[in-house]
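Below, each chain spelled out in residue letters.
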Amino acid sequence: DIIDMLFEFVLEDKNIPVPMRALLARLQIPMLKIAIADKGFFQHKNHPARRLLNNLAQAATGWTQTKQYEHDPLYKFINEIVNQLIEEFDSDIRIFDHFTNELARFTQHQQHNLEAVEKLTAETSQGQERVEMAQHHVDKVIHDLYIENSPIPKVIVSLIEDGWKQSLRLRLIQKGEDSDEWLTSISLIKQLLHSVKPTNSDEERQQRLDLVPGLHKEVQQYLQATPITANTLAVLLKSLQRCHIKVIKG
């Protein structure tokens, strides 16, 4: 009954759009499990599970719902947290602290991106136009790379679409197309695309074998500063590793 009252308070908040309320409502089962197992859930307002729920509700407050809200970064991020809690939580409450830290990292990254774009827009009347041009240019560059390297494994597309594109847009706006930051990013994507191309040559397979460990490390370091969560990135990197093993085996 207390859990029901707790969620009733959250789910009746009109400042949280309906799709977000629907996501948060799915957390009732994990919260009920932790409340039964840990009496501290009710006794301490700062309990990890309650803190995560409050932070999620706060992040969802004022979120703007669009027609394709399922693709919104914040919606996708919270949906991922909810799904993982439902599937993975058993009794270890450290998972709630983990997701609280992930949410803070994501929110900080989103705020940094927003501030960068807002600053650009404030500094020049052509700011918004530059942002749109940068997005268009990034989309075209990535599209051309897709065409040039087709077919491309799904894991590569996920890495690029879910994290890399946003980072590329900011690098293009802030540093320019001739900057080391932009050129290094594009070069890394090209290396990644080349690394998963099928080959029947023993020499090329050996080259891939020598290349892959360092490439994995570079990709991981780069994408840690993007909106991709640590859990999702770990899953994608494992899929990438399996993909590379298939290529190396011919």
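Conventions and cut-offs
Residues numbered from 1 in each chain as written. Predicted model: local features only at pLDDT ≥ 70, side-chain atom pairs only at ≥ 80, totals over all residues. Heavy atoms only, no water. Helix = DSSP H or I, 4+ residues; strand = E, 2+ residues; numbered from the N terminus. Contact = heavy atoms within 4.5 Å. Areas by Shrake-Rupley, 256 points an atom, 1.4 Å probe, with all protein chains shown as cover. Lys, Arg positive; Asp, Glu negative; His and termini not counted. Charge placed at Lys NZ, Arg CZ, Asp CG, Glu CD. Phe/Tyr/Trp six-rings, centres within 6.5 Å; stacked < 30°, edge-to-face > 60°. Buried < 20%, exposed > 50% of the residue type's maximum accessible area, 1.4 Å probe, protein only. Salt bridge = Lys/Arg side-chain N within 4 Å of Asp/Glu carboxyl O. Axes fitted to C-alpha atoms, helices over the stretch in contact; angles between N-to-C directions. Parallel < 35°, antiparallel > 145°, perpendicular 65-115°, else oblique. Nonpolar A, V, L, I, M, F, W, Y, C, P; charged D, E, K, R; others polar.

Scanning the protein chain for helices and strands turns up 12 helices and 0 strands. Along its sequence from the N terminus, the protein chain presents helices and strands in the succession α-α-α-α-α-α-α-α-α-α-α-α. Principal-axis analysis of the C-alpha atoms gives the protein chain an extent of 65 × 50 × 25 Å. Put simply, of all contacts in the protein chain between residues at least 6 apart along the chain, 70% involve residues at least 24 apart. In the structure as shown, the protein chain presents an accessible area of about 14,600 Å², 51% of it carried by carbon and sulfur atoms. When the 29 basic and 34 acidic side-chain charges of the protein chain are each reduced to a single mean position, those positions are 3 Å apart.

Here we come to the packing of aromatic side chains. One pass over the full model with this rule turns up 6 aromatic pairs. Plain terms: the ring middles of W63 and Y75 are 6.0 Å apart, the flat faces sit at 25 degrees to each other, and that makes the pair stacked. With W63 in the loop between α5 (48-60) and α6 (73-88) and Y75 in helix α6, this pair connects stretches of sequence that are 12 residues apart. Each member of the pair, W63 as well as Y75, carries the same accessibility label: buried. By the ring-pair criterion, three or more aromatic residues cluster together here, those being W63, Y69 and Y75.

According to the stated counting rule, one finds 8 salt bridges in the structure shown. A salt bridge links D139 to K165, with the nearest nitrogen and oxygen atoms 3.2 Å apart. Here D139 is found in helix α8 (residues 127-149), whereas its partner K165 is found in helix α9 (residues 154-175), with 26 residues between them in sequence. On the accessibility criterion, K165 (16% relative accessible area) is buried. Here the salt bridges share partners, and the residues they tie into one network are D139, E161 and K165.

Our next topic: unusual backbone geometry. A cis geometry characterises the amide bond from S150 onward to P151, with omega recorded as 0 degrees. One can find P151 in the loop between α8 and α9.

Running from N to C, helix α11 (residues 202-223) and helix α12 (residues 230-248) cross one another at 170 degrees; their axes reach a closest spacing of 10 Å. Classified by the interaxial angle, the pair formed by α11 and α12 is roughly antiparallel. Contacts between α11 and α12 pair R205, R208, L209, V212, L215, H216, V219, Q220 and L223 from the former with L233, L237, L240, Q241, H244, V247 and I248 from the latter. Tallied by class, the residues present in the contact of α11 with α12 amount to 10 nonpolar, 4 polar and 2 charged.

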